[in-house]
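Listed here are the chains, written in short residue letters.
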Amino acid sequence: MRLHYPDAIRVIRVPCTGKVDVLHLLRVFEKGADGAYVVGCLEGDCRFENGNLRARKRVEQAQRILDAVGIGGERVQMVNLSSGEGPRFARVAVEITEKIREMGPNPLKKKTGGKMAA
Amino acid sequence: MIVAEQKPIEEIIEMLKDFDRILVAGCNECVTVCEAGGKKEVGILASALRMYFGNQGKKVRIDEVTLERQCDHEYLEEIRSNIDQYDAVLSLACGVGVQFMAEKYFSTPVLPGVNTCFMGVTEERGVWSERCQGCGQCILGMTAGICPISRCAKRLLNGPCGGATKGKSEINKDLDCAWQLIVDRLKEMGKLDTYETLMPIKDWSTERAGGPRKIIREDVRL
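Rules of the game
- Residues numbered from 1 in each chain as written.
- Chains lettered and ligands numbered in written order.
- Predicted model: local features only at pLDDT ≥ 70, side-chain atom pairs only at ≥ 80, totals over all residues.
- Heavy atoms only, no water.
- Core = buried A, V, L, I, M, F, W, Y, C linked by side-chain atoms within 4.5 Å.
- Buried < 20%, exposed > 50% of the residue type's maximum accessible area, 1.4 Å probe, protein only.
- Contact = heavy atoms within 4.5 Å.
- Helix = DSSP H or I, 4+ residues; strand = E, 2+ residues; numbered from the N terminus.
- Expected span 1.5 Å × (residues − 1).
- Arc of directions from axis to C-beta.
- Polar contact = N/O pair within 3.5 Å; in protein donor to acceptor, adjacent residues only side chain to side chain.

S.K.: Help me out: how do you make sense of the nonpolar core in this one?
M.R.: If you look at the biggest cluster of nonpolar residues, it comprises 48 residues, and the most contacted ones within it are Leu-16, Val-24, Leu-49 and Leu-90 of chain B. Filtering out sequence-adjacent residues up to four positions away, Leu-90 of chain B remains in contact with Ile-12, Met-15, Leu-16, Leu-23, Val-24, Ala-25, Leu-45, Leu-49, Leu-111, Pro-112 and Gly-113 of chain B.

If you want it as structure tokens, here you go:
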């Protein structure tokens, strides 16, 4: 298909989105990422039954925490796609990149002069 | 176990805003099981605090530790060598752990990160409910293993009040009437005659009303 999506995105593969923890989502912002989104299988289609539903709850928890600490909960999102939706994957990547670009850089980067916790 | 829930992050930030070196201390026991103050919650809270203070442009050192227990000397001693490195400790243990740490490290502020709620069970993941009030004189043998002290709003000892309706308590339609549960179980066990036995007036002096309690056992003392 040779689809293009923004090169600002770094894909991190996990066996199932059920593996994604709140702590993983918070760490990316602590390290200076501007945004993050979790791409899980369509709801009801999880091979492990509820991995993607758990991921959604964790994303929501991360959103609440990011809002509370002033980073902005909107910077983390949950998206559900099937493995056959390549074009939609690329489209979502563009949409989310644009949305995060509108929000501006991670406020922590400005405050810490680009030096983020390792 | 002792059941607690984490304080709102805004309240925690308000408590910590004047400190520059903070240790977030979890506990591996009850608060880990009720997902309020274990290693994972310590990690999440510490990360959130680092981001908050970083966003405020304030350089604050936030370290993490999770002790096996905070209600025993031996585990609290593990942080003695580096407690002086911190301006404050945010303990995610129950109120017992917070106090014991405060007693031990007298000059360091020890602040509570959770609200300690009750002694209870995990009904299902994410649902905890009260089962014991530590009254000091257990009557479960008379009440089919169901405690009317902790599960009846009025702590009645001889049957339900007039407010129970269809097996539910009058204070909350979702709350089972403890005495309904007791009668049901006595019936199931074929011991309904126990229900006819009048319970004597309870001696409440062993309960919290008698003041702070203490147990001294010479047989196990060193």
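Don't stop here, the text continues.
S.K.: Honestly, helix H3 (residues 86-103) of chain A in this entry has me stumped. Any pointers?
M.R.: Along an α-helix, residues three or four apart share an orientation, since each turn contains 3.6 residues. Residue and element names in this part refer to chain A. In this model H3 runs 26 Å from its N-terminal to its C-terminal C-alpha over 18 residues, within 8% of the 26 Å that 1.5 Å per residue would give. The complete set of buried residues in H3 reads Ala-90, Val-92, Ala-93, Ile-96, Thr-97 and Ile-100. Buried residues in H3, looked at end-on, bunch into an arc of 160°, giving them a common side. One or two residues past the end of H3 sits Gly-104, with phi positive at roughly 90°.

S.K.: Just to check I follow, could you spell out the side chain of Lys-7 of chain B for this structure?
M.R.: Residues and elements named next belong to chain B. Mapping Lys-7 onto the fold places it in the loop between strand S1 (2-6) and helix H1 (9-16). Of note is the side chain of Lys-7, whose polar atom sits 2.7 Å from the side chain of Asn-115. Beyond its immediate sequence surroundings of up to four residues, Lys-7 is in contact with Ile-12, Met-15, Pro-112, Gly-113, Val-114 and Asn-115.

S.K.: Got a minute to help me understand unusual backbone geometry in this structure?
M.R.: In this model, Glu-49 of chain A sits at a positive phi of 75°, which is unusual for a non-glycine residue. In the Ramachandran plot, Arg-155 of chain B falls in the positive-phi region, its phi being about 55° despite a non-glycine side chain. Following the sequence through the fold, Arg-155 of chain B ends up in the loop between helix H6 (148-151) and strand S8 (168-169). Judged by relative accessible area, Arg-155 of chain B falls into the partly exposed class, the value being 27%.

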